[in-house]
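# Results of the structural survey
Here is what each chain is made of, one letter per residue.
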Amino acid sequence: MGDSLFTTSFWSRYTQQRITAPLAASDSEKFGKILLQTLERSPETVLLPMEDATLNWVGAHIEELKHLNCHALVPDLESIQIAQDKGKTLALAQDIGIPFPKTWEPKTAEEFAKTLRQLAPGKFIVKPRTATG
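As a starting point, this report considers the structure included with it. (Residues numbered from 1 in each chain as written. Predicted model: local features only at pLDDT ≥ 70, side-chain atom pairs only at ≥ 80, totals over all residues. Heavy atoms only, no water.)

## Quick notes on the overall build of the chain
Assigned secondary structure in the chain consists of 6 helices and 2 strands. Each helix (α) and strand (β) of the chain, taken in turn from the N terminus, gives the series α-β-α-α-β-α-α-α. Relative to the 2.2 N^0.38 estimate, which gives 14 Å for 133 residues, the radius of gyration of the chain is 19 Å and therefore markedly larger than a compact globule would have. Considering only C-alpha atoms, the chain reaches an extent of 60 × 35 × 25 Å along its principal axes. The 133 residues of the chain split such that 24% are buried. The contacts of the chain with a sequence gap of at least 6 include a subset with a gap of at least 24, amounting to 42%. Across the chain, the mean location of the 15 positive side-chain charges is 9 Å away from that of the 16 negative side-chain charges. (Helix = DSSP H or I, 4+ residues; strand = E, 2+ residues; numbered from the N terminus. Rg over C-alpha atoms; globule rule 2.2 N^0.38 Å. Buried < 20%, exposed > 50% of the residue type's maximum accessible area, 1.4 Å probe, protein only. Contact = heavy atoms within 4.5 Å. Lys, Arg positive; Asp, Glu negative; His and termini not counted. Charge placed at Lys NZ, Arg CZ, Asp CG, Glu CD.)

## Re the packing of aromatic side chains
Pairs of aromatic rings are described using the distance from one ring centre to the other and the angle between the two planes. Taken as a whole and judged by the stated rule, the model has 1 aromatic pair. Considering the side-chain rings of phenylalanine 31 and tryptophan 57, the 5.7 Å spacing of their centres and the 85° angle between planes classify their relative orientation as edge-to-face. Of this pair, phenylalanine 31 sits in helix 1 (residues 28-40) while tryptophan 57 sits in helix 2 (residues 52-60), placing them 26 residues apart in sequence. Note on phenylalanine 31: relative accessible area 13%, which makes it buried. (Phe/Tyr/Trp six-rings, centres within 6.5 Å; stacked < 30°, edge-to-face > 60°.)

Now the structure itself:
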């Protein structure tokens, strides 16, 4: 449970109650169980999910949360997943006519290396499809 103390929202001066639980990224089942148990004993609650794994859990369980008088301003799970996946985001942008920079999506390490050799050094950015980096 020690990893739960490293979330930035835990230390906010605006937080009224702090609960220790595993991070949703480490153990989403236990995270959810502890959150739901806490909400059962709480009055009306506003939940602000901060990390991707927490956001995903909340998006997948939004109806359970609503029944416990918990409010979370999050989009539907499909929208969350599109926003977290750069490939899906670019595909949607293309479908609806939003311009974006030339993009390559190599399927293998070899294809990635071949693509890099064809590009001018310093004239491109490499990003993971999901997460940050």
